[in-house]
Amino acid sequence: MSHVVVQRTVVRMLYDPVFAHAVYANPHVALAGLDLTHPERDALVRPDARAYATDPYRRARALHGLLVEYPASAWLASRFIGDVRGLDAFFSAPEFHDCIATRGSLAAAFGAYLQHMPFGDARIAALAQIETAIARVRRAPSRPVPHHHAPSRVLVLSTRHAVVELANGTAALYEAIASHVRSGGDDVTAFLLRDRTPASRFKSPVDDSMHEFLHIESTSEGGVAIAAATPELAQLLLFAVPGHSRAALASRACDLGADPAEADAILEDLLHEGILLG
Amino acid sequence: MRFLDRVAKLPKLGIGVSTEYGAGDAPHALDPIALNAEQPQYARFLEVGIETAKGLDRHARAWVERGLPATYHFLDVNLDEPEDLDDAWLDAVRGFAAEIRPAWFCGDAGLWHFGKRERGHMLLLPPVLNDDAASALADGIVALREATGFEVFPENPPGQVFVGDLHLLDFFARVCERADTGMLLDCAHLGIAQRMTGHEPLDGLDGFPCERIVEMHVAGGTVHEHEGFGFVEDDHHTGVLPPTWRIFEHAVTRARNLRAVVFECERNASEKCIPGFARIAATLSGAGHTALVPS
């Protein structure tokens, strides 16, 4: 398996010149903790160091793809860092390196980066939460699969669906900024580079003391549908993420205000619509 | 049945051209069907590069609808990662194979994507050149062969960073032996690897089991410089670099089971490609591969 670790380390070095420089300076320190032999660490620095840097546009291309999926949070973040190109720092961040080292999703890692970075406006993290969920359902297999491997006779939320719990006002802010970015044409990156609209144009506050829920769905036409969800439905779907028996889900529905007959009908509808799998 | 017996049953495709999704839409791009009609000896088959998320474009579809010969060049599988040969991908591959009816599968045996197969993860890196990686790659080739019923020929990928203790040709000799398979030798990629690892173009070829070479690629490249560091970009230009020709002309005389040669020039006007095709044909004739260049 160590060749896999070597290969993933090569990828990290190709994307992150700071990391590559550290590996060349002292591979045994920079790669400490990785399952690599001494010869493998030495092998990583045997090529001319400049060979890792022959594609100067590698990060820009990857960032371009990510911006398309994170238009709203990237737009707002770029108001605070001055230039959307500053988000290129993601490729030197722990979220990126963990993603490569663990065979993760680049889009999910970028979403985590946007949610964790202290850009100066908490609304960026909230917007990234929505866009991370969109990216996730967009990648779900066309054939529905459960979020987790669940034993038989357990109902689980389909990976083509996601529910996000947000600070109140986030959905409206998201729609306003996403609409603004859409108005700039098909090339999201070009718009993010040229747009000078101040963040103050979108003053919608988000109120973390109150919460709202969105139900995000990957549609059969290849798109993504976003709709507000009642707190009760959202809580039920979130409860279904790890998988529970039908009886447990019905009991949860009753706790959330349904009578037993309603609970059964709700579960039947959710199964029929492919939101729950069982 | 051992590979050296199986290879006798494979068709002699001759000289062909390659394509991938969208390549034929490039301005003045080579039209394989037109070339097949005008100079059939240079376009006897089409190597269809397939990324399952994209499938076939209208040019590839038009070719296969005519019932013309094709090979399936995968663009989206890390053969050394067992989890990459998942059911959904294999189902898609079988579907495209049923459509194009390839003579065989082939493709760069490297890292096509980091992480799972999803948007934004695409790249192409050479494999780590060590013994463990050779075994893992061989296992993946056998698994794909068994899952599809087609021969699977690994191709040496391009790259700028080659890591590992084996020479690239020694690595692929082990892969081919352990998977009991043939090889797609990309002469341009080998030239790049030799340059990047400080070798002469022909180093290692005499020790390589050339009888396992079933297909060869010839393609142009461009020399670039970055901070004083020279490297070759495998851009499929029509200007084939001298080391690539040297490798092709040397290996072709030893590749007694050669079945196909692709001139990778899919984004170039056909008139600019003809001299390359002609040189390939002359080389094949000179090496005695007359079945590959019918008059």
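Quick caveat: nothing in here was measured; it's all calculated off a predicted structure.

## Quick word on the interface of chain B and chain A
Between chain B and chain A, the residue contacts involve 34 residues of the former and 30 residues of the latter. In total, chain B and chain A occlude about 2,700 Å² of area from one another, counting both sides; carbon and sulfur atoms represent 61% of this. Remark: the boundary between chain B and chain A carries 4 salt bridges. Note that Arg-103 of chain A is salt-bridged to Glu-83 of chain B, the shortest N-O span being 3.7 Å. Of all elements in the fold, only α4 (87-100), β6 (122-125), α5 (131-148) and β11 (229-233) of chain B reach the threshold of two or more residues within the side of chain B that touches chain A. For the side of chain B that touches chain A, the element with the most residues is α5 of chain B, which contributes 3 residues. Residues that form the side of chain B that touches chain A fall into these classes: 16 nonpolar, 8 polar and 10 charged.

## Topic: the packing of aromatic side chains
All chains considered together, the criterion is met by 21 aromatic pairs over all chains. Ring geometry for Tyr-24 of chain A versus Tyr-52 of chain A: centroids 5.9 Å apart, planes at 80°, classification edge-to-face. Taken together, the residues Tyr-24 of chain A in helix α2 (residues 17-25) and Tyr-52 of chain A in the loop between α4 (38-44) and α5 (58-69) connect sequence positions 28 residues apart. Under the relative-accessibility criterion, Tyr-24 of chain A is labelled partly exposed at 23%. When its relative accessible area of 4% is taken as the criterion, Tyr-52 of chain A is described as buried. An angle of 10° between the planes, with centres 5.1 Å apart, marks the rings of Tyr-42 of chain B and Phe-277 of chain B as stacked. Taken together, the residues span a long stretch of sequence, with Tyr-42 of chain B in the loop between α2 (32-38) and β2 (45-50) and Phe-277 of chain B in helix α9 (residues 270-286) at a distance of 235 residues.

## Regarding the domain arrangement of chain A
Residue and element names in this part refer to chain A. Here chain A is partitioned into domain 1 (2-53) and domain 2 (58-277). Computed over C-alpha atoms, the centres of domain 1 and domain 2 are 34 Å apart. On the side of domain 2, 11 residues touch domain 1, which itself brings 8 residues to the contact. With both sides pooled, the region where domain 1 packs onto domain 2 buries about 930 Å², and carbon together with sulfur makes up 62% of that total. If you sort the residues of domain 1 by the area they bury against domain 2, Arg-8, Arg-12 and Tyr-15 come out on top, with a joint share of 66%. Along the contact surface separating domain 1 from domain 2 lie 1 salt bridge. The partner of Arg-59 in a salt bridge is Asp-16, with the nearest N and O atoms 4.0 Å apart. One can count 5 residue pairs in polar contact (both at pLDDT 80 or more) joining domain 1 with domain 2. Elements supplying a minimum of two residues to the side of domain 1 that touches domain 2: α1 (2-15) and α2. Tallying contributions element by element places α1 first for the side of domain 1 that touches domain 2, with 5 residues. Considered class by class, the residues forming the side of domain 1 that touches domain 2 number 5 nonpolar, no polar and 3 charged.

## Considering the sheet that holds strand β4 (residues 224-229) of chain A
All names here are of chain A. Read from one edge of the open sheet, 3 strands run β2-β3-β4, paired in antiparallel fashion. One side of each edge strand has no neighbouring strand; the edge strands of this open sheet are β2 (161-168) and β4. On average, adjacent strands in this sheet sit at an angle of 30° to one another, irrespective of strand direction. In this sheet, strand β3 (residues 207-218) lies alongside β2 in antiparallel orientation, the contact comprising 8 bridges. Of the residues in β3, the one forming a bridge with His-161 is Glu-217.

## Brief notes about the side chain of Asn-156 of chain B
Residue and element names in this part refer to chain B. Its place among the elements puts Asn-156 in the loop between β7 (152-155) and α6 (168-179). What makes Asn-156 buried here is its relative accessible area of 0%. Excluding residues that lie within four positions of it along the chain, Asn-156 makes contacts with Asp-108, Leu-168, Phe-172, Met-183, Leu-184, Leu-185, Asp-186, His-189 and Leu-190.

Thresholds applied
Residues numbered from 1 in each chain as written. Chains lettered and ligands numbered in written order. Predicted model: local features only at pLDDT ≥ 70, side-chain atom pairs only at ≥ 80, totals over all residues. Heavy atoms only, no water. Contact = heavy atoms within 4.5 Å. Buried area = accessible area lost by both parts, 1.4 Å probe. Salt bridge = Lys/Arg side-chain N within 4 Å of Asp/Glu carboxyl O. Helix = DSSP H or I, 4+ residues; strand = E, 2+ residues; numbered from the N terminus. Nonpolar A, V, L, I, M, F, W, Y, C, P; charged D, E, K, R; others polar. Phe/Tyr/Trp six-rings, centres within 6.5 Å; stacked < 30°, edge-to-face > 60°. Buried < 20%, exposed > 50% of the residue type's maximum accessible area, 1.4 Å probe, protein only. Domains from an automatic or database assignment. Polar contact = N/O pair within 3.5 Å; in protein donor to acceptor, adjacent residues only side chain to side chain. Pairing = 2+ DSSP bridges. Axes fitted to C-alpha atoms, helices over the stretch in contact; angles between N-to-C directions.

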